[in-house]
Amino acid sequence: WPPKSDDGLAAALTGADVVVIPAGVPRKPGMTRDDLFNTNASIVKTLVEGCAEHCPEAVLAIISNPVNSTVPIAAEVLKSKGVYDKTKLCGVTTLDVCRAN
């Protein structure tokens, strides 16, 4: 005590088999795709770094928009940590389809 700032992330991720990352902010009126990317990319990067360290074998499902940009960021983070497996990283786009209905 006191806990370190990263204890919560480590506790949440350690031993996980599947990690779903819906983190980020929704696109607000007047917000460009670049604005959304800049905010959500840094959040995804931080969380994937935690996954690489605490649950490198987990399947990662990235929901954070823009998915077609955040998944490649996750892939590069995992590659840089030496734990990338293309069969364990996916982008989830079904959420947008459900919202459209």
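Shown above is the structure to which this text applies.
Residues numbered from 1 in each chain as written. Predicted model: local features only at pLDDT ≥ 70, side-chain atom pairs only at ≥ 80, totals over all residues. Heavy atoms only, no water.

1. Quick notes on the overall build of the protein chain
Within the protein chain, the regular secondary structure consists of four helices and three strands. In the protein chain, the order of α-helices and β-strands from amino to carboxyl end is α-β-α-β-α-β-α. Here the protein chain, with 101 residues, has 31% of them falling under the buried criterion. Sequence separation of 24 or more characterises 73% of the internal contacts of the protein chain that already satisfy a separation of 6 or more. Carbon and sulfur atoms form 56% of the exposed surface of the protein chain, whose accessible area is close to 6,400 Å². (Helix = DSSP H or I, 4+ residues; strand = E, 2+ residues; numbered from the N terminus. Buried < 20%, exposed > 50% of the residue type's maximum accessible area, 1.4 Å probe, protein only. Contact = heavy atoms within 4.5 Å. Areas by Shrake-Rupley, 256 points an atom, 1.4 Å probe, with all protein chains shown as cover.)

2. Digging into the sheet that holds strand β1 (residues 18-21)
Read across the sheet, three strands follow the order β1-β2-β3 without closing on themselves; strand pairing throughout is parallel. Only two strands of the sheet have a single neighbouring strand rather than two, namely β1 and β3 (89-91). Averaged over neighbouring strand pairs, the angle between their axes works out to 15° when direction is ignored. Packed onto the sheet, helix α2 (residues 33-54) meets β1 and β2 (59-62) and runs at close to 170° relative to β1. Sitting on the sheet, helix α3 (residues 67-80) touches β2 and β3, and the angle it makes with β3 is about 165°. (Pairing = 2+ DSSP bridges. Axes fitted to C-alpha atoms, helices over the stretch in contact; angles between N-to-C directions.)

3. Here's the deal with the pairing of β1
Residues of β1 alternate between two faces, with Val 19 and Ile 21 buried on one and Val 18 and Val 20 left unburied on the opposite face. Of the pairings in the sheet, the one linking β1 to β2 comprises four bridges and is parallel in character. Considered in β2, the bridge of Ile 21 is made with Ile 62.

4. A closer look at a nonpolar patch on the surface
Nonpolar side chains collect at one region of the surface, where Val 18, Val 20 and Val 59 lie side by side and expose about 230 Å² of accessible area between them. Here Val 18 lies in strand β1. Among the residues examined, Val 18 registers a relative accessible area of 56% and is labelled exposed. (Patch = residues over 30% accessible without salt bridge, like charges linked within 9 Å, V, L, I, M, F, W, Y side chains within 5 Å. Salt bridge = Lys/Arg side-chain N within 4 Å of Asp/Glu carboxyl O.)

5. Some thoughts on the nonpolar core
Ranked by size, the top nonpolar core spans 20 residues in total, and within it Val 19, Val 48, Leu 60, Ile 62 and Leu 89 carry the most contacts. Those elements that provide at least two residues to this core are β1, α2, β2 and α3. A total of seven residues in this core trace back to one element, the largest contributor, which is α3. (Core = buried A, V, L, I, M, F, W, Y, C linked by side-chain atoms within 4.5 Å.)

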